[in-house]
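Structure at a glance
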Amino acid sequence: MQSQIFMKNAGAISWSDVDSGEAALISRCVAGDDLACSELVATHQRTVFNLALHLLGDRDEALDVSQEVFLRVFRTLSHFRGQSALRTWIYRIVVNQVRNRQRWWRRRRRADLVSLDDHIERCGDLEATREVPPDRLLASKETAAHIWQAMERLPFDQRTALVLREIDGLRYEEMAFTLNVAVGTVKSRLTRARQALREELLGIRS
Amino acid sequence: MIPYLGCDAARELLHEFVDGELPTAEQVALESHLRWCRVCAARVEDMQIIGASLRVTSCAIRAADSDECLESLQSDVLTRISTEREQSFTVQLRDMCTDLHFFWPAVGATIAVAACLCAAVAVFSVTGDERPDSLAGMIEMLANPGSDENPMRLDGGMVAPPRALNGAGLDSIPGDEAVFALAAVVTREGRVANYEVLLSERASVRRHDTAVEDDDVSSVVNAVKQSRFSPAQAVDGVPVAVNMVWLLARTTVKAPVKASARALVEPTPLPARLAPLVAPPPDEANKPGSPSTSAATIPSTTA
Ligand SMILES: [Zn+2]
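What comes next is a walk through the structure. All values reported here derive from a predicted model rather than from experimental measurement.

Looking only at helices and strands, chain A has 11 helices and 0 strands in total. Secondary structure elements of chain A, listed N to C terminal, follow the sequence α-α-α-α-α-α-α-α-α-α-α. Out of the 206 residues belonging to chain A, those deemed buried represent 51%. Here the analysis covers contacts within chain A between residues at least 6 apart in sequence; of these, 65% occur between residues at least 24 apart. For chain A, the accessible area works out to roughly 10000 Å², and carbon and sulfur atoms hold 48% of it.

So, in structure tokens, the structure goes:
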């Protein structure tokens, strides 16, 4: 019932990217249903927090930004027109919030990066099996840590593109919407980011 | 048949290949290239190592203690949302005040508006004080006959100012007979204004001492000046200012010789009492600028 009302309010706008369950959830959130809001946060909080954490490199800052992101989501949810999946729309808000914060917040070197190696060893089996056998890729855990540090030194736009692609697995179209740029721009940012990291990798090997 | 792909063309497609964004035909062609080109294959492998390294490190970072962080996130967000819904107006106002970009211009605009209002009020108050010799003042005066500035002619329909002028002023003048003609305006408030001595004459005393004569005139004028009248009233009962001409005279009538013994007791003539009468204005009183007159004659009285 609520879904029908919501679809009717949305008029002629295409909701092809939003499935009916998500549309119903959105409509309940807009109506002020606390349970629905709670469900929406629970569904997306991990994604939001991790992206903010990867881009900011600081846990407290990432948590702070995540709160702001969800407040922004609920403030503007009534304007969401299904032009993308809700997840992509939220990504866009995260990137904008982080970018705003980057302007005045000086990035701090993360202390826990030094102790990262232990975690890499533990997670290596879980994640790195996606495309290539891990034994060849993870020549050393130090290599992964170095690449990550090199990624953190990249310009914000390149870093964001790389994180969205490699960690969050967004497609070019989704990245273009999230970053509010053309697909061609997405490709060139990815290319430049990878070239910089590959030089880092070649430097480690030699 | 797989199309041949050169190294330069292949290099353009490597990133999209790694990201799985290539159309099928190009993907097949590139895979064919990678089978024999070690350079391009090495590039692809490096890109995959970079991606895998980032994913592994990301996993390590988020595995550290993100669950503890996320426990508070959900409840914090919901608390803030409900608070915001309850106080949405207050929040908006606070945001507006916090943002000094809006606050100070608003204060400045308010002060500017207040200053403009003050200036406007000042201009109106200055122009509101009408000068009597200005064109607007003259129009105002002409539009209001009966005002102190534009006294009316006393006609038959009006109630004349009642008599209140006594002859006391004449008492101090030596001699038996004296005649004064005075033109004046009786204002709406009943005061005498714009008086003018038209004639002063004393028949019985032939003094040519002008200083003494001036004293006589001023004593009469003072008596007139200090008099108070009920103001003249128009037909509708509204007090109006009118032009007046008074003729003040003192005469002495000698009693006949066969008069009673009483005349011997009081031979001195009594001071005249004023008896103003409304009468057609005498010709000599019709001066330009004071067209309306009323004459006051003094009947002589003796015992
Ligand atoms: Zn090649």
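Having seen the structure, we can now continue with the description.
Next up on the list: the pattern of salt bridges. The tally for this structure, following the rule as stated, stands at 16 salt bridges over all chains. E166(A) is the salt-bridge partner of R55(B), the closest N and O atoms lying 3.0 Å from each other. Of the two residues, R55(B) sits in helix α3 (residues 38-86) while E166(A) sits in helix α9 (residues 156-166), which places them in two different chains. Of the two residues, R55(B) and E166(A), neither departs from the other in class, the shared state being buried. In this structure, the salt-bridge partner of R198(A) is D46(B), at a minimum N-O distance of 2.8 Å. With one member in each of two chains, R198(A) in helix α11 (residues 183-205) and D46(B) in helix α3 form a pair that bridges those chains. D46(B) matches R198(A) in its accessibility class, with the two residues each being buried.

Attention shifts here to the environment of H33(B). Residue and element names in this part refer to chain B. In this structure, H33 sits in helix α2 (residues 24-36). Taking the C-alpha atoms as reference, H33 lies 9.7 Å from P3; in sequence the two are 30 residues apart. The residues contacting H33, other than those within four sequence positions of it, are L5, G6, C7, A10 and C40.

Scoring rules and cut-offs
Residues numbered from 1 in each chain as written. Chains lettered and ligands numbered in written order. Predicted model: local features only at pLDDT ≥ 70, side-chain atom pairs only at ≥ 80, totals over all residues. Heavy atoms only, no water. Helix = DSSP H or I, 4+ residues; strand = E, 2+ residues; numbered from the N terminus. Buried < 20%, exposed > 50% of the residue type's maximum accessible area, 1.4 Å probe, protein only. Contact = heavy atoms within 4.5 Å. Areas by Shrake-Rupley, 256 points an atom, 1.4 Å probe, with all protein chains shown as cover. Salt bridge = Lys/Arg side-chain N within 4 Å of Asp/Glu carboxyl O.

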